[in-house]
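Inside the fold
Take a look at the letters that make up each chain.
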There are 2 protein chains.
Amino acid sequence: MARVRISDVAAAAGVSTSTVSLVLNDRPGSRISEETRARVREAAAAVGYTPNSIARGLRMQRTRTLGLISDVIATTPFAGRMLAGAQDAAREHGHLIFLVNTDADPEVERDAIRALVDQQVDAMIYASMWHRVVETPDGLPERSVFLDCRPASGGHPAVVPDDLAGGRAAVRELVAAGHRRIAFADAEKVNPPVASGLRYQAYLEVLAEAGITPDPAWHIRGVDSTAASGRAATERFLDLPGDRRPTAIFCFNDRMAAGAYVAARHRGLEIPADLSVVGYDDQQLVAGELDPPLTTIALPHYEMGRWATEVALGAREPPASDQPYLMPCPIIRRDSVSSPPAAAANSSRRRA
Amino acid sequence: MARVRISDVAAAAGVSTSTVSLVLNDRPGSRISEETRARVREAAAAVGYTPNSIARGLRMQRTRTLGLISDVIATTPFAGRMLAGAQDAAREHGHLIFLVNTDADPEVERDAIRALVDQQVDAMIYASMWHRVVETPDGLPERSVFLDCRPASGGHPAVVPDDLAGGRAAVRELVAAGHRRIAFADAEKVNPPVASGLRYQAYLEVLAEAGITPDPAWHIRGVDSTAASGRAATERFLDLPGDRRPTAIFCFNDRMAAGAYVAARHRGLEIPADLSVVGYDDQQLVAGELDPPLTTIALPHYEMGRWATEVALGAREPPASDQPYLMPCPIIRRDSVSSPPAAAANSSRRRA
DNA sequence: AGGATTCGATCAATCGATTTAGCAGGCTCA
DNA sequence: TGAGCCTGCTAAATCGATTGATCGAATCCT
């Protein structure tokens, strides 16, 4: 039951191991007769030979192996899509992926990087579960790509979601439906504020381009970004006097949108008839199974995973600028947006 | 910038590579003076030496590497916990994990197994995203463990959730709250019916032990196991005449329970006052963010991932019986269960 | 004093592949 | 006919570690 080695093939074909290697790897420029080639290939197939990747890795100094190191990515529902993208790209290029989860523990991270470097991975992908700025960890090899995070000091290719464009799409969807009083249920403040900051910026931009003066009461930060926070923010929005009360809410993410649903329902408000809602993330189990299904902006995790892997493998050129590549976030239209209630539309028009 | 090799350490310490290896690996029985040991260790630290795992793997025939092969696990929200368990166990034992996702494609699976075997993984974990029976794939090495699935023909250790005990706990929770008319919103039929079959069996057992004769109308299978199916089933339950209408529903999973919530709400029913609901899976983003939070049975993914990895690494003995190890599923009590409405309790008592 | 031990460290083989230099034999051509 | 050139294949070095065999010097024992 021992593994078949190249020498077994050589013996079976009556040639040297050199010949077997030359033939099986189809090395151009090697002068082996067609007859011998056939014999070697038959022998290899007969004994069921597959090369030992470890031995080959040692000799070639290339392991066809990738390290994917992440904070808590693998334990979040997004992670799957990111990993799937990375996996698919890796498989297409004949690579295998080492997955390591550090749980954001710096010591675990350090050990993991070292272990992966010792494994001679051809490249490394440093992934985050949410779009943020990270310090480049020590020991990260030259061939590293940042996934869903931007290295504070640059120097490595990186890919992040285009939160600015995505945020614009979300708010424009509401403006296009006729809303004028649009709130933003924002997440907690983090530093530096990447996703949140960009989505807020997008919110302000689109309001400005629609000629709407934002009411400061329309922007509330949660203590976190859970449904509870979304609910709390929405309750405060709905407490606003009639002519300032939003007819639509852009939520930092789908979970907060789920909270907005709860708050609306508790007031007897129908979505979207009485209140339109747009989320962000397209978190399947939240957005898709809400009632009514939530219109949201998808985070392109699969595409980012793929991009990072292809760049890591040298199959795709990163942008020359040293700026992160911005992956588009498509809007997913479901049933949580409609035109504002007539009364609100009137009152808004009155105000304008 | 080239990697530091053992020979660099040897040169720096003025000894042979053998000595370095002996010292750094602390091989018992090797006779190296304490003075030389110190010199070697200093030299190693000074030049920043870490052994090349590939070279060591080739020589030792042990790579401290594990293959984790799964169908669609990495793209489901459970996956994270399973991976986290596997990761943690692997890290504790100094191992790295190759993660491969086959998307249930047999060809991809075959290639993946071969690639992992070629990488000389020390052991393999074959994981499924849901508890089911699988054929043992060709080429799987001796040292393989099945995770969240049972091999049809045995021969390998396996770990699955104890769906029978979990199902009993769920239904007993409802019985203990005083319910007598308890429905089971089941998933679609699959063959062989593992999770669904066991949970249904548990349902029947607990009803029997409570002296309740199950009404056949209380068991409905969905076309799948989504919220839509849960909603459809619940609507049919609620259409039952008053004295046969369930006061509590055990749902195959949390998504179906989310559907039950929607159906109840559309009838103006309060949960849990008018209808108690228990789910299964403890899918965080569903169960935890429903309103009211859902009482459910947790699937022990983390623990199973850990168990499988520890067995794969030989750090834990699998059961001698060749039967899958049954991992307990704890009940997570939240707010979706209360005693039945007074009227229903009366009518039920009348029937009894 | 001289053979046997012990001590401390090294030599060289090994893991399983890839790759370069080179060897033997046949052919060409002046 | 013999130098030069192909053709077809192989020997041996190499990647970077581990490890059983071995070796010189010091020590022990009678």
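Residues numbered from 1 in each chain as written. Chains lettered and ligands numbered in written order. Predicted model: local features only at pLDDT ≥ 70, side-chain atom pairs only at ≥ 80, totals over all residues. Heavy atoms only, no water.

Brief notes about helix H9 (residues 227-238) of chain A
Residue and element names in this part refer to chain A. Note the following rule: By the criteria applied, helices consist of DSSP H or I runs no shorter than four residues and strands consist of E runs no shorter than two, each listed in order from the N terminus. Multiply 1.5 Å by the residue count of a helix minus one, and that product is the helix's expected span. Three labels apply to residues, based on accessible area from a 1.4 Å probe with only protein chains included: buried if under 20% of the type maximum, exposed if over 50%, partly exposed otherwise in between. What the arc describes is the spread of directions from the helix axis to the C-beta atoms. For this analysis, residues touch if any pair of their heavy atoms sits within 4.5 Å.
The terminal C-alpha atoms of H9 lie 16 Å apart, and with 12 residues this matches the ideal 16 Å at 1.5 Å per residue to within 8%. Within the span of H9, buried status applies to Ala-227, Ser-229, Gly-230, Ala-233, Thr-234, Phe-237 and Leu-238. On an axial view of H9, the arc spanned by its buried residues comes to 165°, and they lie on one face. Opposite its buried face, H9 presents the exposed residues Ala-228 and Arg-236, each directed more than 90 degrees away. Of the surrounding secondary structure, the elements contacted by the buried residues of H9 are strand S6 (182-186), strand S7 (219-221), strand S8 (248-251) and helix H10 (254-266).

Details of the confidence of the model for chain A
Here is the rule: The predictor attaches a confidence to each residue, called pLDDT, with possible values from 0 through 100.
Mean pLDDT over chain A: 93, with 96% of residues reaching 70 or higher. Note that residues 345-352 of chain A has pLDDT below 50 and, in this model, 6 contacts with residues that lie over four places away or in other chains.

Structural notes on the interface of chain B and chain A
Cut-off, in case you're wondering: Note: buried area is the sum, over both parts, of the accessible area (probe 1.4 Å) each one loses when the two are combined. One side-chain nitrogen of Lys or Arg within 4 Å of one carboxyl oxygen of Asp or Glu is enough to make a salt bridge. In protein, a polar contact requires one atom able to donate a hydrogen and another able to accept it; more generally it is a pair of N or O atoms within 3.5 Å, and residues adjacent in sequence count only if both atoms are side-chain atoms.
Counting residues at the interface gives 48 residues for chain B, matched by 48 residues for chain A. At the boundary of chain B with chain A, total buried surface from both sides reaches about 4200 Å², with 58% on carbon and sulfur atoms. Sorting the residues of chain B by area buried against chain A places Ile54(B), Leu96(B) and Leu285(B) first, and these three jointly supply 16% of that buried surface. On inspection of chain B and its partner chain A, the count reaches 4 salt bridges. Close ionic contact of Arg3(A) with Asp118(B) constitutes a salt bridge, the shortest N to O distance being 3.3 Å. At the surface where chain B touches chain A, the tally comes to 16 residue pairs in polar contact (both at pLDDT 80 or more).

What to know about the side chain of Asp281(B)
Residues and elements named next belong to chain B. Within the secondary structure, Asp-281 sits in the loop between strand S9 (276-278) and helix H11 (284-287). You can call Asp-281 buried: its relative accessible area is 6%. Not counting chain neighbours up to four residues away, the residues in contact with Asp-281 comprise Phe-78, Arg-81, Arg-199, Asn-253, Asp-254, Thr-296, Ile-297, Ala-298 and Leu-299.

As for the pairing of S6(A)
Residue and element names in this part refer to chain A. In plain terms, the rule: A pair of strands is labelled paired if DSSP reports no fewer than 2 bridges between them. Think of it like this: strands point away, you trace from the first strand over the helix to the second, and a clockwise trace means the crossover is right-handed.
Burial analysis of S6 places 5 of its 5 residues in the buried class, the great majority of the element. Of the two faces of S6, the one lined by Ile-182, Phe-184 and Asp-186 and the one lined by Ala-183 and Ala-185 are each fully buried. Note: S6 against S8, 4 bridges, orientation parallel. Its bridge partner lying in S8, Ala-185 is registered against Cys-251. Here S6 runs beside S7; their pairing, made up of 3 bridges, is parallel. Across the sheet, the residue bridging to Ala-185 is Ile-220, located in S7. As for the winding sense of the linkage, the β-α-β connection from S6 through helix H8 (residues 195-209) to S7 is right-handed.

Examining the sheet that holds strand S4 (residues 144-151) of chain A
Keep this limit in mind: Axis definition: a line fitted to C-alpha atoms, over the contacting stretch in the case of helices. Angles run 0 to 180 degrees between N-to-C directions.
Strand order in the open sheet formed by 12 strands is S11(A)-S5(A)-S4(A)-S3(A)-S1(A)-S2(A)-S2(B)-S1(B)-S3(B)-S4(B)-S5(B)-S11(B), and the pairing between neighbours is mixed. Every interior strand has two partners, whereas the edge strands, strand S11 (325-327) of chain A together with strand S11 (325-327) of chain B, have only one. If you compare each strand with its neighbour and ignore which way they point, the axes differ by 25° on average. As judged from the 3 bridges shared by strand S2 (residues 96-101) of chain A and strand S2 (residues 96-101) of chain B, these two strands associate in the antiparallel manner.

Section: the protein's contact with DNA strand D
The test is simple: Neighbouring residues are identified by heavy atoms, a residue being near a molecule or strand if any of them is within 4 Å of it.
In the vicinity of DNA strand D, 26 residues are found, and the nearest of them are Thr19(A), Arg31(A), Thr36(A), Ile6(B) and Arg59(B). Counting only the atoms of DNA strand D that lie within 4 Å of the protein, the sugar and phosphate share comes to 58%. Ser33(A) has a polar backbone atom sitting 2.6 Å from a phosphate oxygen of DNA strand D. In the environment of DNA strand D, a phosphate oxygen lies 3.0 Å from a nitrogen or oxygen atom belonging to the side chain of Asn25(B).

Section: the packing of aromatic side chains
We count it as follows: Only Phe, Tyr and Trp rings take part, Trp by its six-membered ring, and two of them pair if their centres are within 6.5 Å. Stacked means planes under 30 degrees apart, edge-to-face means over 60, and tilted covers everything else. In this analysis the charged atom, NZ for Lys or CZ for Arg, is taken to sit over a ring once it is within 6 Å of the ring centre and within 35 degrees of the ring normal.
Tallying each qualifying case throughout the model produces 15 aromatic pairs over all chains. An angle of 20° between the planes, with centres 3.8 Å apart, marks the rings of Phe98(A) and Phe98(B) as stacked. With one member in each of two chains, Phe98(A) in strand S2 and Phe98(B) in strand S2 form a pair that bridges those chains. The class for Phe98(B) is buried, based on a relative accessible area of 1%. Across the ring face of Trp130(A), the terminal group of Arg132(A) is positioned such that the distance to the ring centre comes to 5.3 Å. Positioned over the ring face of Tyr280(A) is Arg199(A), at 3.6 Å from the centre of the ring.

Things to note about the sheet that holds S8(A)
Residues and elements named next belong to chain A. The 4 strands are arranged S7-S6-S8-S9 in an open sheet whose pairing can be described as parallel. The open sheet is flanked by S7 and strand S9 (276-278), the only strands paired with a single partner. Strand-to-strand, the axes of this sheet are offset by a mean angle of 20°, without reference to chain direction. In terms of strand pairing, S8 meets S9 through 3 bridges, oriented parallel. When the bridges of S9 are listed, Phe-250 appears paired with Val-278. Where helix H7 (residues 163-176) meets the sheet, it contacts S6, S8 and S9, and its direction lies at approximately 170° from that of S8.

A look at the packing of helix H1 (residues 6-13) of chain A against helix H3 (residues 34-47) of chain A
Residue and element names in this part refer to chain A. Selection criterion: In these notes the angle categories are as follows: under 35 degrees is roughly parallel, over 145 is roughly antiparallel, 65 to 115 is roughly perpendicular, and the rest is oblique. Here a crossing is called left-handed whenever its near helix is offset anticlockwise from the far helix by less than a right angle, and right-handed whenever the offset is clockwise. Residues are sorted three ways: Asp, Glu, Lys and Arg are charged, Ala, Val, Leu, Ile, Met, Phe, Trp, Tyr, Cys and Pro are nonpolar, and all the rest, Gly among them, are polar.
Running from amino to carboxyl end, H1 crosses H3 at an angle of 125°, the nearest separation of the two axes being 9 Å. By the angle between their directions, the pair H1 and H3 is classed as oblique. Between H1 and H3 the crossing geometry is right-handed. Across from Val-9, Ala-12 and Ala-13 in H1, the residues of H3 making contact are Arg-39, Val-40, Ala-43, Ala-44 and Val-47. Of the residues in the contact of H1 with H3, the class split is 7 nonpolar, no polar and 1 charged.

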